[in-house]
Amino acid sequence: VVTMLGMDIGVLISGAIVVEIVFGLNGIGNLAIHALTTVDLPVIAGTVIVAAVSVAVANLVVDITYRLLDPRIQ
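One numbering rule holds for all chains: residues counted from 1, following each sequence as written. Restriction of local features to residues with pLDDT of at least 70 applies here, the model being predicted, together with a cutoff of 80 or more for giving and counting side-chain atom pairs; totals for whole chains, interfaces and linings are based on all residues. Excluded from the side-chain calculation are hydrogens and water; included are all heavy atoms of the structure.

When you go through the protein chain residue by residue, the secondary structure sums to three helices and zero strands. Taken against the 2.2 N^0.38 rule, which gives 11 Å for 74 residues, the C-alpha radius of gyration of the protein chain at 16 Å runs more than 25% over that of a compact globule. Considering only C-alpha atoms, the protein chain reaches an extent of 50 × 25 × 15 Å along its principal axes. Sequence-distant contacts, at least 24 apart, represent 47% of the contacts inside the protein chain between residues at least 6 apart. In the structure as shown, the protein chain presents an accessible area of about 5,500 Å², 75% of it carried by carbon and sulfur atoms. Runs of H or I in DSSP of at least four residues are treated as helices and runs of E of at least two as strands, each being numbered from the N terminus. As a reference, a globule follows 2.2 Å times the number of residues to the power 0.38, and the radius of gyration itself is taken over C-alpha atoms. Throughout, a residue-residue contact means that at least one pair of heavy atoms, one from each residue, lies within 4.5 Å. Computed with a 1.4 Å probe, the accessible areas rest on the Shrake-Rupley method; for each residue, only the protein chains presented here act as cover.

If you want it as structure tokens, here you go:
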């Protein structure tokens, strides 16, 4: 369960992009789409880095949580 919750972070980020576009909300997803349509490379790189770092941090938290829940893991 813990592992699957950590892997769902990427799905949540991509889902946030869809929700922001459909409902016209301002956020990182809307910013990324606008940057893609205007070919704003620094903003595109920034949004990709933010998404990648958030997934990496989520995986780190999952690994630490898994270690705390199962003492057999060393």
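Before going further, it helps to examine unusual backbone geometry. Positive phi, normally seen in glycine, also occurs at Val39, with a value near 50 degrees. Mapped onto the secondary structure, Val39 falls in the loop between α2 (28-38) and α3 (41-69). Using a relative accessible area of 58% as the deciding quantity, one classes Val39 as exposed. Burial here depends on accessible area, computed with a 1.4 Å probe over protein chains only, as a share of the maximum for the residue type. Under 20% is buried, over 50% is exposed, and the range in between is partly exposed.

A cluster of nonpolar side chains, contributed by Val18, Val19, Val22, Phe23 and Leu25, occupies part of the molecular surface with about 500 Å² of accessible area. Tracing the backbone shows Val19 in helix α1 (residues 2-23). Every patch collects residues that have over 30% relative accessible area and no salt bridge, joining them within 9 Å if they carry like charges and within 5 Å if they are nonpolar side chains (Val, Leu, Ile, Met, Phe, Trp, Tyr). When a carboxyl oxygen of Asp or Glu lies within 4 Å of a side-chain nitrogen of Lys or Arg, that pair is called a salt bridge.

Right, let's get into the environment of Thr3. Looking at the secondary structure, you find Thr3 in helix α1. Its relative accessible area of 41% is what places Thr3 among the partly exposed residues. In this structure the C-alpha to C-alpha distance between Thr3 and Thr65, which are 62 residues apart in sequence, comes to 9.3 Å.

Function-wise, these values are silent; they only describe arrangement.
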